[in-house]
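The lines below spell out each chain.
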Amino acid sequence: MKYYLIAGEASGDLHGANLMKAIKKADGDAQFRFLGGDLMIAQGGELVKHYSDMAFMGFVEVVLNLRTIMKNMRQAKEDMLRFKPDALVLIDFPGFNLRIAEFAKQHGIKVFYYISPKVWAWNQKRVLKIKKVVDHLYCILPFEVDFYRSWGMEVNYVGNPLLDAIADFHPDDQFRQKQQLDERPVVALLPGSRKQEITKILPDMIQTAARFPEYQFVIAGAPNFDASFYDTFMPGKKYPLVFNNTYNLLNIAEAAVVASGTATLETALFHVPEVVVYKGSAISIAIARMVIKIRFISLVNLIMDRGVVKELIQQDCNPDKISDELNLILKDSNYRNEMLENYRSLSVKMGEPGASSRTAEMIVRQLTMDS
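How each quantity is defined
Residues numbered from 1 in each chain as written. Predicted model: local features only at pLDDT ≥ 70, side-chain atom pairs only at ≥ 80, totals over all residues. Heavy atoms only, no water. Helix = DSSP H or I, 4+ residues; strand = E, 2+ residues; numbered from the N terminus. Buried < 20%, exposed > 50% of the residue type's maximum accessible area, 1.4 Å probe, protein only. Contact = heavy atoms within 4.5 Å. Lys, Arg positive; Asp, Glu negative; His and termini not counted. Charge placed at Lys NZ, Arg CZ, Asp CG, Glu CD. Salt bridge = Lys/Arg side-chain N within 4 Å of Asp/Glu carboxyl O. Pairing = 2+ DSSP bridges. Axes fitted to C-alpha atoms, helices over the stretch in contact; angles between N-to-C directions. Right-handed = clockwise from strand over helix to strand, strands pointing away. Core = buried A, V, L, I, M, F, W, Y, C linked by side-chain atoms within 4.5 Å. Arc of directions from axis to C-beta.

Participant: Before we move on, could you go through the overall build of the chain and cite the residues and values that matter?
Facilitator: Helix and strand counts for the chain come out as 18 helices and 13 strands. Its C-alpha atoms give the chain principal-axis dimensions of about 60 × 45 × 40 Å. Evaluated residue by residue, the chain yields a buried proportion of 54% over its 371 residues. In the chain, once contacts between residues fewer than 6 apart in sequence are set aside, the share between residues at least 24 apart is 65%. Counting 44 positive and 43 negative side-chain charges, the chain places the averaged centre of each group 7 Å from the other.

Participant: Tell me about the pattern of salt bridges, and please be specific about residues and values.
Facilitator: Throughout the structure, instances matching the rule amount to 18 salt bridges. Its salt-bridge partner being Asp-370, residue Lys-110 comes within 3.4 Å of it at the nearest N-O pair. Separated by 260 residues along the polypeptide, Lys-110 in strand 5 (residues 110-114) and Asp-370 in helix 18 (residues 355-370) bring together distant segments of the chain. Of the residues examined, Lys-110 reaches a relative accessible area of 26% and is grouped as partly exposed. Here Lys-279 makes a salt bridge to Asp-204, at a shortest N to O gap of 2.7 Å. Here Asp-204 lies in helix 10 (residues 195-209) and Lys-279 lies in the loop between strand 12 (274-278) and helix 14 (282-291), a separation of 75 residues in the sequence. One connected set of salt bridges, linked through shared partners, spans Glu-9, Arg-194 and Glu-197.

Participant: So what's going on with the sheet that holds strand 12? Residues and values would help.
Facilitator: Pairing is parallel in the open sheet, where 6 strands are placed in the order 10-9-8-11-12-13. Each having just a single partner strand, strand 10 (241-243) and strand 13 (310-313) make up the two edges of the open sheet. Along the sheet, successive strands turn relative to each other by an average axial angle of 25°, direction set aside. Note: strand 9 (residues 216-221) against strand 10, 3 bridges, orientation parallel. If you follow Gly-221 over to strand 10, its bridge partner there is Phe-243.

Participant: Could you give an account of the pairing of strand 9, naming the residues involved and the relevant values?
Facilitator: Within strand 9, 6 of the 6 residues are buried, leaving the element largely enclosed by the surrounding structure. Residues Gln-216, Val-218 and Ala-220 point to one face of strand 9 and Phe-217, Ile-219 and Gly-221 to the other, with burial holding for every one of them. The pairing of strand 8 (residues 186-190) with strand 9 spans 4 bridges and is parallel. Each bridged residue has a counterpart across the sheet, and for Leu-189 the counterpart in strand 9 is Ile-219. Assessed by its sense of winding, the connection that carries the chain from strand 8 through helix 10 to strand 9 is right-handed.

Participant: I'd like a rundown of the nonpolar core, residues and numbers included.
Facilitator: With 135 residues, the main nonpolar core has Tyr-3, Leu-5, Leu-88, Phe-96, Tyr-114, Tyr-148 and Tyr-230 as its most contacted residues. With residues near it in sequence (within four places) discarded, Tyr-230 still touches Ile-198, Leu-202, Ile-219, Ala-220, Gly-221, Ala-222, Phe-225, Leu-241 and Phe-243.

Participant: Report on helix 6 (residues 126-133), specifying residues and quantitative values.
Facilitator: Those residues of helix 6 that fall on the buried side of the exposure criterion are Arg-126, Val-127, Ile-130 and Val-133. For helix 6, the angular spread of buried residues about the axis comes to 135°, placing them on one side. Taken together, the buried residues of helix 6 touch helix 5 (94-106), strand 5, strand 6 (136-139) and helix 7 (144-150).

Participant: Lay out the sheet that holds strand 6 with the relevant residues and their values.
Facilitator: Read from one edge of the open sheet, 7 strands run 3-2-1-4-5-6-7, paired in parallel fashion. The sheet is open, and its two edges are formed by strand 3 (46-50) and strand 7 (156-157), each paired on a single side. Summarising the sheet, strand 6 and strand 7 pair through 2 bridges and their orientation is parallel. Residue pairing in the sheet places Tyr-138 in a bridge with Asn-156 of strand 7.

Take a look at the structure:
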């Protein structure tokens, strides 16, 4: 079969790569064409557009880059029609992907959506559009099944693909030595994968790091940037920077400061106590606060439906408050142990690995039935 996949950011690239790997096991003759990233490239097939040219986050940022977004959308539609796929597989990235789904449906292409759009957060009526333009929806968060069912839509819960990635992870015993890290306990800094969020969040992280000389702070770099980009945020002391090694970093970390996103859940599944931070443009955050219907922004708290990890957003995302929370995580054993106990409950709630293979088997089986 021929598969056309679209992932618009780093986390989607990870999940897309794992799904492609699983599809190849279920369909030995699978052909891939995709919008994605380096991890998907490694699985084979043809790259149409790298996600680094697509990832715009926030209302204002989307408006400012609307011309680029529309150009990317036109390119994807034209390329997909030339490729004539048996299946369009969309991975998260709803602002872009739901429009592509509508186009594909009009042209008789089967639409599979992996990692459902987070419509439960805002504009819940988009479920009605999803019902019209998506043939099969695969959810990775436990509470999503009941949400969609409340709107009269049956979906498949396949588990979370992060569990697959973590299960496949093999720690590098020489990681600390290879990265020339010293013997101090490590605190991981995960400032995100988009330029706009790194630019706003990393300076606060760097200022926080200066207050903890007894710890070694290490930055997880996004693969779509190079070291020179991160160096601009470190005019004085340089902090260690690692690329494509976030799991090895989390594996040795005592604590982490993490930009809101998929990484908050990854960090928790590695059982690393964390503080979640986020900062965007003032207008985007103001609009978000008006329309978003959820109590939390981190996946950890959303899944547990309570405040397991501290969230510091916008003006609260500053070196003073980050340092206060980091002090608790590192030095208050009761506070730290309570978070770790909550992480254990989270792991039970998330279930077992196998999301990628379950989803791949469902997609291939459905295509086989339809052919």
